[in-house]
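Remarks on the overall topology
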Amino acid sequence: MSMINIAERHKYILDKLHEKGYVNVLELCKDLDVSGVTIRKDLKLLEDKALLFRSHGGATIHNPYTNDKPVNEKANIRKEDKSAIGLAGAALIDPNDAIIIASGTTVHFLAKHIQPRGNLTVITGALNVAMELLRHSDIEVIQLGGQLRNSSTSVTGPYAEKILEDFSCSKLFLGVDGIDLEFGLTTTNILEAHLNQKMINTVQKTIVLADSSKFGKRGFGRICGLEDVDEIITDSGIPSHIVKQLEDMGVKVTIVQS
């Protein structure tokens, strides 16, 4: 496909982008038989026209930077996907388990689906999760204390982190704002990210509940790299090349149908 003009290159890039949601500089160089410099210039021109977002090593069709929306607004986005993901997460809870549930709308759906077997202990910083679980007499809820964030109805800060030092749990169910294969897991709030790090250090297994729109996005606060994640539960919108890369990194990927 050599000797094609700039307009044809741009059409090829955009067609590929709409087909896959992501393009890779090296693959485009090979497909179009041009240099990396040429492709990067093409991507910059297309980004200037607001047709794509450049990312490390390529470009994506979605804005990779997330913003902090109120939890009640987030709850209505991709509701069926989040509910199915929450149901799959609830199935991983063992009899007489001790778990941590972080904050976010997808883990709130997890809380709605929990049917405890035996006595379940749940540590959480999220008020909506705690309120959801109080209806079960056989769930012991330990509510973390600290500064309450309006947008997520959850607590952050040193008090919450200090309490975690006294516990050891089997699993953490973690919601995130972004999953980037190189940068890792992120959230829009740095204090929330720091508390999530402490939660990861308290458990044997970290399970991320995230709908497919979170892939390729970055929030402001980095929680951890993907080497700290054991499993990701997501929906069928996740691109197959991302599934393969995650599995190559040793992360189990569970895909639900909503």
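Just so it is clear, the model here is predicted, and its values are computed rather than measured. (Residues numbered from 1 in each chain as written. Predicted model: local features only at pLDDT ≥ 70, side-chain atom pairs only at ≥ 80, totals over all residues. Heavy atoms only, no water.)

Some remarks on the overall build of the protein chain
Test applied: Secondary structure elements are defined from DSSP: runs of H or I of at least 4 residues count as helices, runs of E of at least 2 residues count as strands, and each element is numbered from the N terminus. C-alpha atoms define the radius of gyration in this analysis, and the globule rule sets the expected value at 2.2 Å times the number of residues to the power 0.38. Relative accessibility under 20% of the residue-type maximum defines a buried residue, over 50% an exposed one, and the middle range a partly exposed one, all with a 1.4 Å probe and only protein chains included. Residues count as neighbours in contact if any of their non-hydrogen atoms are within 4.5 Å of one another. Just so you know, the count uses Lys and Arg for positive and Asp and Glu for negative, and it drops His and the chain ends. Just so you know, the charge point we use is NZ for Lys, CZ for Arg, CG for Asp and CD for Glu.
Looking only at helices and strands, the protein chain has 10 helices and 15 strands in total. Taken over C-alpha atoms, the radius of gyration comes to 20 Å for the protein chain, in line with the 18 Å a tight globule of 258 residues would show. For the protein chain, the residues scored as buried account for 49% of the 258 residues in total. Taking as baseline every contact in the protein chain between residues at least 6 positions apart, the subset at least 24 positions apart corresponds to 60%. In the protein chain, which carries 29 positive and 33 negative side-chain charges, the distance between the mean positions of the two groups comes to 4 Å.

Quick notes on the nonpolar core
Burial of nonpolar side chains together is a common tendency in soluble globular proteins. Note the following rule: By convention a nonpolar core is built from buried Ala, Val, Leu, Ile, Met, Phe, Trp, Tyr and Cys residues, the set being connected through side-chain atoms within 4.5 Å.
By size, the foremost hydrophobic cluster in this structure holds 33 residues, and its most contacted members are Leu-174, Ile-179, Leu-185, Val-208, Ile-232 and Leu-246. Sorting the residues of this core by element identifies helix H8 (158-164), strand E9 (169-175), helix H9 (190-202), strand E12 (203-209), strand E13 (221-224) and helix H10 (240-248) as the ones contributing at least two each. In terms of residue count, the dominant contributor to this core is H9 (four residues). Once you skip the residues sitting within four places of it in the chain, Leu-185 turns out to touch Leu-174, Val-176, Gly-178, Ile-179, Val-208, Gly-221, Arg-222, Ile-223, Cys-224, Leu-226 and Val-229. Judged by nonpolar contacts, the second largest core, of 21 residues, contains Ile-114, Leu-120, Val-129 and Ile-139.

Looking at the layout of surface pockets
Think of a ball as big as a water molecule: rolled over the atoms, this probe shows where empty space is left. Formally: In the cavity and pocket records, a cavity denotes points on a 1 Å grid over the protein atoms alone where a 1.4 Å probe fits but cannot get out, a pocket denotes an open set with protein on both sides within 12 Å along at least 5 of 7 lines, and lining residues are residues with an atom within 4 Å of a point. Grid points are joined across faces, edges and corners, and a volume is the space filled by probe spheres set on the points. The nonpolar class holds Ala, Val, Leu, Ile, Met, Phe, Trp, Tyr, Cys and Pro. Asp, Glu, Lys and Arg form the charged class, and all remaining residues, Gly among them, are polar.
What the largest pocket holds in volume is close to 840 Å³. Lining the largest pocket we find 34 residues, and of these Tyr-22, Leu-181, Gly-216, His-241 and Ile-242 sit closest to its centre. Listed by contribution, the elements that provide at least two residues to the lining of the largest pocket are helix H1 (6-20), strand E1 (22-24), helix H2 (25-32), strand E2 (53-55), strand E10 (178-180) and H10. Residue classes in the lining of the largest pocket are distributed as 11 nonpolar, 13 polar and 10 charged.

Some words on the packing of helix H5 (residues 79-90) against helix H6 (residues 105-113)
The geometry of a pair of packed helices is captured by two quantities: the angle between their axes and the separation between those axes. Heads up, the rule is: Axis definition: a line fit to C-alpha positions, over the contact stretch in the case of helices; interaxial angles, taken between N-to-C directions, run 0 to 180 degrees. By definition in this entry, angles of less than 35 degrees are roughly parallel, angles greater than 145 are roughly antiparallel, angles of 65 to 115 are roughly perpendicular, and the rest are oblique. Crossings are classed by handedness, with left-handed meaning an anticlockwise turn of the near helix from the far one by less than a right angle and right-handed meaning a clockwise turn.
Relative to each other, H5 and H6 sit at 55°, their axes nearing to 7 Å. One finds that H5 runs oblique with respect to H6. When the axes of H5 and H6 are compared, the crossing they make is right-handed. Residue-level contacts link Lys-79, Lys-82, Ser-83, Ile-85, Gly-86, Leu-87, Gly-89 and Ala-90 of H5 to Thr-105, Thr-106, Phe-109, Leu-110 and His-113 of H6. Looking at the contact of H5 with H6 residue by residue, the classes come out as five nonpolar, six polar and two charged.

What about a nonpolar patch on the surface?
Threshold: What goes into a patch is any residue over 30% in relative accessible area without a salt bridge, connected to like charges within 9 Å or, for nonpolar side chains (Val, Leu, Ile, Met, Phe, Trp, Tyr), within 5 Å. Using a 1.4 Å probe, accessible areas were evaluated by the Shrake-Rupley method; residue-level cover was limited to the displayed protein chains. Any carboxyl oxygen of Asp or Glu within 4 Å of a side-chain nitrogen of Lys or Arg constitutes a salt bridge here.
Together, Ile-190, Leu-191 and Phe-220 give the surface a local cluster of nonpolar side chains, amounting to about 320 Å² of exposed area. By secondary structure assignment, the location of Ile-190 is in helix H9. Overall, Ile-190 belongs to the partly exposed group, its relative accessible area being 48%.

Some thoughts on the packing of H2 against helix H3 (residues 36-48)
Orientation of H2 relative to H3, taken along the N-to-C sense of each, is 110°, at an axis distance of 9 Å. With respect to H3, the axis of H2 lies roughly perpendicular. For the pair H2 and H3, the sense of crossing is right-handed. Residue-level inspection shows Val-25, Leu-28, Cys-29 and Leu-32 of H2 in contact with H3, the latter providing Gly-36, Ile-39, Arg-40 and Leu-43. Considered class by class, the residues forming the contact of H2 with H3 number six nonpolar, one polar and one charged.

Quick look at H10
Note the cut-off: Read the arc as the range of directions from the helix axis to the C-beta atoms.
All of the buried residues along H10 are Ile-242, Val-243 and Leu-246. Along the axis of H10, the buried positions cluster into a sector of 105°, meaning they face one direction only. Turned more than 90 degrees away from the buried face of H10 sit Ser-240, Lys-244 and Asp-248, all of them exposed. Taken together, the buried residues of H10 touch strand E14 (231-235) and strand E15 (252-256).

Shape is all these values report; function is a separate question.
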